[in-house]
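# Coordinates in review
In case you want the letters, here they are:
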Amino acid sequence: MLQLSEYPQPPMGAGYLSVEHDPRPTSVREARAEVRRQLERWGLADRDGDLVDTAVLLVSELATNAVRHASGRSRLTLFAAHGVLRCEVGDTGCREPRVRDTAAGAEESGRGMFLVDALARCWGCRRDGPGKTVWFELGTCGAHGCGRRQP
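Below you will find a few notes about this structure. Remember, it's a predicted structure, so these values are computed and weren't measured experimentally.

About the thresholds
Along each chain, residues carry numbers from 1 onward, in the same order as the chain's sequence is written. Residue-level local features of this predicted model are given only where pLDDT is at least 70; pairs of side-chain atoms are given and counted only at 80 or more, and the full residue set underlies all totals for whole chains, interfaces and linings. Working from all heavy atoms in the structure, the side-chain values ignore hydrogens and water. Here a helix means four or more residues in a row that DSSP labels H or I, a strand means two or more in a row labelled E, and each is numbered from the N terminus. For the exposure calls, accessible area comes from a 1.4 Å probe over protein chains only, and a residue counts as buried if that area is under 20% of its type's maximum, exposed if over 50%, partly exposed in between. Residues are treated as being in contact if the distance between any of their heavy atoms lies within 4.5 Å. For the accessible areas, the method is Shrake-Rupley and the probe is 1.4 Å, while residue cover comes only from the protein chains on display. DSSP calls a pair of strands paired once it identifies at least 2 bridges connecting them. Angular values range over 0 to 180 degrees, each being the angle between N-to-C directions of two axes fitted as lines to C-alpha atoms, with helices fitted over their stretch in contact. For a crossing to be left-handed, the near helix must be turned anticlockwise from the far one by less than a right angle; the clockwise case is right-handed. All amino acids are sorted into three groups, where Ala, Val, Leu, Ile, Met, Phe, Trp, Tyr, Cys and Pro are nonpolar, Asp, Glu, Lys and Arg are charged, and the leftover types, Gly among them, are polar. A cavity here means a set of 1 Å grid points, computed over protein atoms only, where a 1.4 Å probe fits but cannot escape. A pocket is an open set with protein on both sides within 12 Å along at least 5 of 7 lines, and lining residues have an atom within 4 Å of a point. Grid points are joined across faces, edges and corners, and a volume is the space filled by probe spheres set on the points. Polar contact is the term for a pair of N or O atoms within 3.5 Å; when the atoms are in protein, one must be able to donate a hydrogen and the other to accept it, and sequence-neighboring residues count only if both atoms are side-chain atoms.

## Focus on the overall build of the chain
The helix and strand inventory of the chain stands at four helices and five strands. Helices and strands in the chain line up, N terminus first, as β-α-α-α-β-β-α-β-β. Across the 151 residues in the chain, those meeting the buried criterion constitute 39%. Long-range pairs, those at least 24 residues apart, make up 64% of the contacts in the chain between residues at least 6 apart in sequence. Summed over all atoms, the accessible surface of the chain reaches about 8800 Å², with 51% contributed by carbon and sulfur.

## Re the sheet that holds strand S4 (residues 122-128)
Strand order in the open sheet formed by five strands is S1-S2-S3-S5-S4, with antiparallel pairing between adjacent strands. This sheet does not close on itself; its edge strands, each paired only once, are strand S1 (16-21) and S4. Each strand of the sheet is rotated relative to its neighbour by a mean of 15 degrees, with strand direction disregarded. Bridge analysis of S4 against strand S5 (residues 131-139) gives seven bridges, and the strand direction is antiparallel.

## Re the pairing of S5
Of all the nine residues making up S5, nine are buried; the element is thus mostly covered by neighbouring parts of the structure. The two faces of S5 match: Gly131, Thr133, Trp135, Glu137 and Gly139 on one face and Lys132, Val134, Phe136 and Leu138 on the other face are all buried. Pairing geometry for strand S3 (residues 84-91) and S5, over eight bridges, is antiparallel. Along S5, the bridge assignment pairs Gly90 with Thr133.

## What to know about the packing of helix H3 (residues 49-69) against helix H4 (residues 112-119)
Remark: H3 packs on H4, axes separated minimally by 9 Å, with the N-to-C direction vectors making an angle of 145 degrees. As H3 runs across H4, the sense of the crossing is left-handed. Only Gly112, Met113, Leu115, Val116 and Leu119 of H4 make contact with H3, whose side of the interface consists of Thr54, Leu57, Leu58, Glu61, Leu62 and Asn65. Of the residues assigned to the contact of H3 with H4, the class counts are seven nonpolar, three polar and one charged.

## A few points about empty space enclosed by the protein
Within the structure shown, the criterion is met by one cavity of 30 Å³ or more. The volume enclosed by the largest cavity comes to roughly 50 Å³. What lines the largest cavity is simply His21, Ser27, Val28, Ala31, Val59, Ala63, Ser74, Arg75, Leu76 and Val89. Among the elements of the structure, helix H1 (26-41), H3 and strand S2 (74-81) are those that each provide at least two residues to the lining of the largest cavity.

## Concerning the side chain of His21
Here His21 is to be found in strand S1. Within polar-contact distance, the side chain of His21 engages the side chain of Glu34 at 3.0 Å. Not counting the four nearest positions on each side in its chain, His21 is found in contact with Ser27, Glu30, Ala31, Glu34, Arg73, Ser74 and Leu76.

## So, the side chain of Glu88
With respect to the helices, strands and loops of the structure, Glu88 is situated in strand S3. A polar side-chain atom of Glu88 sits 2.9 Å from a polar atom in the side chain of Arg86. Glu88 has contacts with Arg75, Leu76, Thr77, Phe79, Arg126, Thr133, Val134 and Trp135, leaving out every residue within four places of it along the chain.

Everything listed is a geometric property; what it means functionally is a separate question.
This is the structure in structure tokens:
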């Protein structure tokens, strides 16, 4: 019989982080560092290094899109509970992201949402007033198949 302790969770009261960034290229680096630091604080880095690397990569892609395609501040939000890490990047842009076919060309940009789609358990976009929030989820339990996209 499985016990709750087998599923890594952040400490009580530590499952949430929200930070605003100015629309500048250095904010992407700051977002990556904040994700890594917070997941380490929650103890998730000790249990699954791939989780941290994947979360950092995907947040970097969403933060880059916010800097490139929106003119105002962006907000990075992390939630961790019940075996799921949810990462959100909200910005003032109105254009919803889409997954491009990477085989269609050798473009240097446009692969971010392809990576999110390939690596996240699920992802989506919602309207927030004049802007939008793009989010993705990853599993945190470390068990085979946990957090992976189900067919």
